[in-house]
Amino acid sequence: MGFVNYRGRVIIVNSSPAPGTPMIEVSGITKAFGSTKALTGVSLTVERGTVLGLLGPNGAGKTTLVRILATLMHPDSGTARINGIDVLAEPQRARGLIGLAGQYAAVDELLTGRENLEMVGRLYGLSRTDSAARANETLERLTLTEAADRPVKTYSGGMRRRLDLGASLVGRPIVLILDEPTTGLDPRTRSELWQFITDLVAQGTTVLLTTQYLEEADVLADRIVVLDRGGIIAEGTADELKAKQGGDVVDVKPVDPDNIPRIAELLSDIAGQPQIDVRTGRVLVPVGDLRGVDVLTTVARMISDSGIELDDLAIRRPSLDDVFLALTGHAAEQTDGGTGATDEETAPSTKRASRRSKRTERAA
Amino acid sequence: MSTGISRMVTDSIVVTKRNLIRMRRLPEAIFFNSVQPVMFVLLFRYVFGGAINTGGEYVNFLIPGILVQTSLFGGAGTAIGLNEDMGKGIIDRFRSLPMARSAVLTGRILADVARNVFVVLLMLAVGTAVGFRFNNGFFPAIAAIAVLLLFGMAFSWMFALVGLSVKTAESAQIASFLPVFPLTFAASTFVPLDSMPGWLQVFARNQPVSHAVNAVRKLTQGSAVQGINLAAEVWLTLAWSGGITIVFATLAIRKYRKVD
Ligand SMILES: Nc1ncnc2c1ncn2[C@@H]1O[C@H](COP(=O)(O)OP(=O)(O)OP(=O)(O)O)[C@@H](O)[C@H]1O
Ligand SMILES: [Mg+2]
């Protein structure tokens, strides 16, 4: 673990810093573009061999932080270290440790998939034969072998994304930085990529990934940092964040969305403060310390007395979506209104659990 | 230090190769870049040429000018290509890799030199078809081609800076042509300088394009052209090329390195 092949020489990269140091350490980073404060003092750490999910709505500052870590941008203040190396002072050393897949696929349209990967391998300092072998191996792992010798312009969006991820992997980086790696992918391709990332982590790679999909953070991330308007507003494991939400929620969906404010008003004294999710047209009532069933019956009675017609009424565990809503006052996805994340939230949690445990077994 | 230099060389070659593959897969680009100078050749040879008195065969006066103009215009590919790479995030990928920082630019420029070899040979073929002849032997002809490539490469650095400085590929294209037009037309490219008004002659006589054109003209025609001091024109062309390269390579590399 942690060997880097640099121009034919094998260097043990993580021998220098103390074993206890986190792989990524970001401290007090600020960055402004004119009057826009993109980051307002962000500090976080990522332990070796773990995944940090950086969650936040559009414009939260995710890409800005990623670009600073990937040595593409200087912060106005603060420090960033990767494997103990100061990214600002020694960017070239830091670059040897990281693989970056940016928010938009950065692959050459006119080159074939193989040519793209071989080029990046050579630029990581690999010999011609090594980079050819790596390219082959990477294409295979990402199931791109069949398309390997076609120009990228003939690839579908998902294939490009995979190739882009492949380009960030050919150098066998010990830190992988992924900016919204699965945005725009269909559910099957997305879960394949999740599996792929999980496997990499099992082999010791440390990952920082940004996402707008709460489910993605839930499935992949050991720890989650929620970013909003340039600052961290919450962090912890997915379970911790859900616990903060205050137990189960009663989920009320009226037939007519115009009734939402009235419902929120009606239910304001039963348990926790009701939250309105404009995007899905629901009112969520946190159960808090009360018994879920009691709250549910009270809600059902009050609504039925008021004569408002309901589409759906349920008690459930909070999703990260609910957490996000409670934290920021707005839903995670603002732009496309895509429902992928929420719909898949209902995926059997056993599958998730087994994926998790598989990872820990292998890492052990 | 030596690993740094070998790294620079390897990385430059890798990037050059990438750009050459791109050119091969996009032959239209070279085709359309070549159509324009061919039109110029036909236009000046058959339309304007009769009215221009150069004291000798006009076609032998014209083709050296066309060759210099073509080598200059070829560099606009650097501006557009670099700008497109920036827009598509390719430059970001390069910047995040532990590669030699200058290789992205040198790789681009070396690829343009290779393209210029092709375009210069093509224009020589076209020129020959309309009556151009080398009248000064083989080695001076080779030297003329070398001067052309060197001169074109110097301007490629200027175009690299342009490409890195503007926002879109369209502006890169326009911004490249802006300096090239006055330089190639207010020069001895197409007409003898003494046909211009005096104030313009002062500029035209002392700017690099005229020196390059004169050097190539003398190298290809020898004693068939009068009034050109070969050594002086060649040295001035080399000096200009060196100066332009040093200034613009420094600026372009600094611009590339500057993380925004
Ligand atoms: N180069 C830039 N110039 C000016 N403003 C910028 C620049 N880059 C980012 N910003 C601004 O900084 C803020 C944070 O942007 P950033 O791209 O980091 O957000 P993000 O969390 O990645 O959003 P998204 O989910 O949409 O990708 C936004 O307000 C954005 O407009
Ligand atoms: Mg972003």
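Calculation rules
Residues numbered from 1 in each chain as written. Chains lettered and ligands numbered in written order. Predicted model: local features only at pLDDT ≥ 70, side-chain atom pairs only at ≥ 80, totals over all residues. Heavy atoms only, no water. Core = buried A, V, L, I, M, F, W, Y, C linked by side-chain atoms within 4.5 Å. Buried < 20%, exposed > 50% of the residue type's maximum accessible area, 1.4 Å probe, protein only. Helix = DSSP H or I, 4+ residues; strand = E, 2+ residues; numbered from the N terminus. Contact = heavy atoms within 4.5 Å. Donors = N, O, S within 2.8 Å, 3.2 Å for Na, K, Ca; no water. 1 Å grid on protein atoms, 1.4 Å probe; cavity = no way out; pocket = protein on both sides within 12 Å on 5 of 7 lines; lining within 4 Å. Points joined across faces, edges and corners; volume = space filled by probe spheres on them. Nonpolar A, V, L, I, M, F, W, Y, C, P; charged D, E, K, R; others polar. UniProt positions renumbered as here; feature names shortened; annotations may be inferred. Patch = residues over 30% accessible without salt bridge, like charges linked within 9 Å, V, L, I, M, F, W, Y side chains within 5 Å. Areas by Shrake-Rupley, 256 points an atom, 1.4 Å probe, with all protein chains shown as cover. Salt bridge = Lys/Arg side-chain N within 4 Å of Asp/Glu carboxyl O. Pairing = 2+ DSSP bridges. Axes fitted to C-alpha atoms, helices over the stretch in contact; angles between N-to-C directions.

So, the nonpolar core
At step 1: Residues Ile224(A) and Phe94(B) are the most contacted members of the largest nonpolar core, which totals 69 residues.
At step 2: With 6 residues, the top contributor of residues to this core is helix α6 (residues 187-202) of chain A.
At step 3: When near neighbours in sequence (up to four residues on either side) are disregarded, Ile224(A) contacts Leu52(A), Gly53(A), Leu55(A), Ala217(A), Asp218(A), Ala234(A), Glu235(A), Gly236(A), Ala238(A), Leu241(A) and Leu320(A).
At step 4: Judged by nonpolar contacts, the second largest core, of 47 residues, contains Val126(B), Phe132(B), Ala144(B) and Val213(B).

Re the coordination of the magnesium ion (ligand 2)
Geometry sets the ideal angles at a metal, namely 109.5 degrees for four tetrahedral donors and 90 or 180 degrees for six octahedral donors.
All names here are of chain A.
At step 1: Protein ligation of the magnesium ion (ligand 2) involves Thr63 (OG1) and Gln103 (OE1), the donor distances falling in the range 1.9 to 2.2 Å. In this pair, threonine 63 is assigned in helix α1 (residues 62-69) and glutamine 103 in the loop between β8 (98-101) and α3 (113-123), connecting sequence segments 40 residues apart.
At step 2: By relative accessible area, glutamine 103 is classed as partly exposed at 25%.

Re the layout of surface pockets
At step 1: Roughly 830 Å³ of volume is contained in the largest pocket.
At step 2: Elements represented by at least two residues in the lining of the largest pocket include exactly α1 and α5 (157-169) of chain A together with α4 (76-87), α5 (90-95) and α7 (138-165) of chain B.
At step 3: At 4 residues, the largest contribution of residues to the lining of the largest pocket is made by α5(B).
At step 4: The class makeup of the residues in the lining of the largest pocket is 11 nonpolar, 8 polar and 13 charged.

Here we look at the UniProt feature "transmembrane region" (unreviewed entry) in chain B
Residues and elements named next belong to chain B.
At step 1: In the numbering adopted here, UniProt assigns the feature "transmembrane region" (unreviewed entry) to residues 30-49, 61-82, 103-126, 138-162, 174-193 and 234-253.
At step 2: Segment residues 61-82 splits into 95% helix and 0% strand. End C-alpha atoms: 34 Å apart.
At step 3: End C-alpha to end C-alpha, residues 174-193 measures 27 Å, and it is 60% helix and 0% strand.

Comments concerning a nonpolar patch on the surface
At step 1: On the surface, a cluster of nonpolar side chains totalling about 470 Å² of accessible area is made up of Leu42(B), Leu43(B), Tyr46(B), Val47(B) and Phe48(B).
At step 2: As for its position among the elements, Phe48(B) is in helix α2 (residues 27-48).

Structural notes on the sheet that holds strand β7 (residues 85-86) of chain A
Residue and element names in this part refer to chain A.
At step 1: Read from one edge to the other, the open sheet built from 4 strands follows the order β4-β3-β6-β7, with strand pairing classed as antiparallel. The sheet is open, and its two edges are formed by β4 (36-46) and β7, each paired on a single side.
At step 2: Inspection of the sheet shows strand β3 (residues 24-33) paired to β4 by 8 bridges, in the antiparallel sense. Within β4, the position partnered with alanine 32 by the bridge is lysine 37.
At step 3: Those strands touched by α1 are β3, β4 and β6 (77-82), and its axis lies near 120 degrees from that of β3.

A closer look at empty space enclosed by the protein
Residues and elements named next belong to chain B.
At step 1: Tallied over the entire structure, the rule returns 4 cavities of 30 Å³ or more.
At step 2: Considered as a void within the structure, the largest cavity measures approximately 140 Å³ in volume.
At step 3: Lining the largest cavity, in full, are Asn33, Gln36, Pro37, Phe40, Gln69, Thr70, Phe73, Gly74, Arg115, Asn116, Val119 and Phe177.
At step 4: When contributions to the lining of the largest cavity are tallied by element, the ones reaching two or more residues are α2, α3 (58-74) and α6 (103-129).

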